[in-house]
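Geometric and topological summary
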Amino acid sequence: MKSKPLLRVLSGERVDVPPMWLMRQAGRYLPEYRALRAEKGGFLELVNDSEAAAEVTLQPIRRFGFDGAILFSDILVVPHALGQDLWFEAGEGPRLAPKLADHALDSLVAAPERLEPVYGTVRRVAAALPPEVTFLGFAGSPWTNATYMVAGQGSRDQGETRRMAYRDPQAFGAIIDAIVGMTVDYLARQVEAGVEAVQLFDSWAGSLSPAQFERWVIAPNAAIVTGLRARCPQVRIIGFPKGAGGKLAAYARETGIDGIGVDETVDPVWADRELPAGMPVQGNLDPLALIAGGAELDGAVARILDAFGDRPHIFNLGHGILPDTPIAHVEHLIRIVRGQELGETP
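Because the structure is a prediction, the values reported are computed rather than measured.

Rules and cut-offs
- Residues numbered from 1 in each chain as written.
- Predicted model: local features only at pLDDT ≥ 70, side-chain atom pairs only at ≥ 80, totals over all residues.
- Heavy atoms only, no water.
- Helix = DSSP H or I, 4+ residues; strand = E, 2+ residues; numbered from the N terminus.
- Rg over C-alpha atoms; globule rule 2.2 N^0.38 Å.
- Buried < 20%, exposed > 50% of the residue type's maximum accessible area, 1.4 Å probe, protein only.
- Contact = heavy atoms within 4.5 Å.
- Salt bridge = Lys/Arg side-chain N within 4 Å of Asp/Glu carboxyl O.
- Phe/Tyr/Trp six-rings, centres within 6.5 Å; stacked < 30°, edge-to-face > 60°.
- Lys NZ or Arg CZ within 6 Å of the ring centre and 35° of its normal.

1. Let's talk about the overall build of the chain
- Regarding its fold elements, the chain presents 15 helices and 9 strands.
- Relative to its length of 346 residues, the chain is compact, with a C-alpha radius of gyration of 19 Å against a globular reference of 20 Å.
- With respect to the three principal axes, the spread of C-alpha positions in the chain is 60 × 45 × 35 Å.
- Within the chain, the proportion of its 346 residues that are buried is 58%.

What follows is the structure in structure tokens.
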């Protein structure tokens, strides 16, 4: 672990130069990704091709030298493994069927073998990564995956799922429990295949009231952490409840995670003050600031580095990198964080 700065930070060590990676760093802003995607066809075809998915995972490491490599996959492989059909509509996003707003959970037939290509990807990447790079696996958190499973697709306010959670908490709780169980096994298998840390993505955590957040975000994520640690006590776990805002501190205290991801809407000074002392924090540059470049980018980076300067910190975006991000801005960002350059981006 001494040669892996990201793992050192997740173990509670503050280092002078924060390690960094970027959410969605393997993706559409890279020409080499676009070329491979065009060759392989659809997104799911790429995810389920272990050789190609490993290549996508490694592309940003070769180009930028990030401290962490994030597995190339999708959060919805877990609903797929629970028995729903999964496909992507061009220009519209993912679809799942049958949607659980209209069908009972027990109508699904679990198919965990659908996850085998992911483990193949992990093994290939683990064998190819430079020794100083930490390999990050991931899964969608139960609430976020449930919103897709219930509605059959993404939505603006997750209203259909929120209504179900209020109307029939027992049935909705069964969906959550099924996701928890599959996710623990999925992440444990990733660790066994070679990942060293994992991130739980709760992209829609911000849509819940405080009581519902406790029930459908904190409690299920705590169950995943407990279950995963029982099987893989060495693994480090990052929780990322996007949009949690003032509920971040409770999430950090109650889930048992090692580090917490902070989105771009959170003031880093507030986060440093309110989050548990000494807990590693990851974040939280606005992806649009990275696109804008210039003095705004430089100033935003400086504020984040200053706010988290006295605690373990992993530099990252507040959410995924956007497809129209200039590569030159990413290169400049890396040089700033690593203390190699000052001044404005192009």
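Next comes the rest of the account.
2. A short note on the environment of proline 131
- By the secondary structure assignment, proline 131 is in the loop between α6 (116-128) and β4 (134-140).
- Linking proline 131 and serine 3, residues 128 residues apart in sequence, is a C-alpha distance of 7.3 Å.
- The residues touching proline 131, leaving out its near neighbours within four places in the chain, are Ser3 and Lys4.

3. Re the pattern of salt bridges
- The final tally for this structure, using the stated rule, is 16 salt bridges.
- Two residues, glutamate 196 and lysine 4, come together in a salt bridge whose shortest N-O distance is 3.1 Å. You can see glutamate 196 sitting in the loop between α9 (169-193) and β5 (197-202) and its partner lysine 4 sitting in the segment before α1 (5-10), a full 192 residues away along the chain.
- Its relative accessible area of 22% is what places glutamate 196 among the partly exposed residues.

4. Some thoughts on the packing of aromatic side chains
- In the structure shown here, the tally under the stated rule is 11 aromatic pairs.
- Each ring, one from phenylalanine 213 and one from tyrosine 251, has its centre 6.5 Å from the other, and the planes form 55 degrees; the classification is tilted. Of the two residues, phenylalanine 213 sits in helix α10 (residues 210-231) while tyrosine 251 sits in helix α11 (residues 248-254), which places them 38 residues apart along the sequence. Residues phenylalanine 213 and tyrosine 251 agree in their burial class; the two are buried.
- For the cation-ring pair, lysine 247 lies above phenylalanine 213, with the distance from its terminal atom to the ring centre recorded as 5.3 Å.

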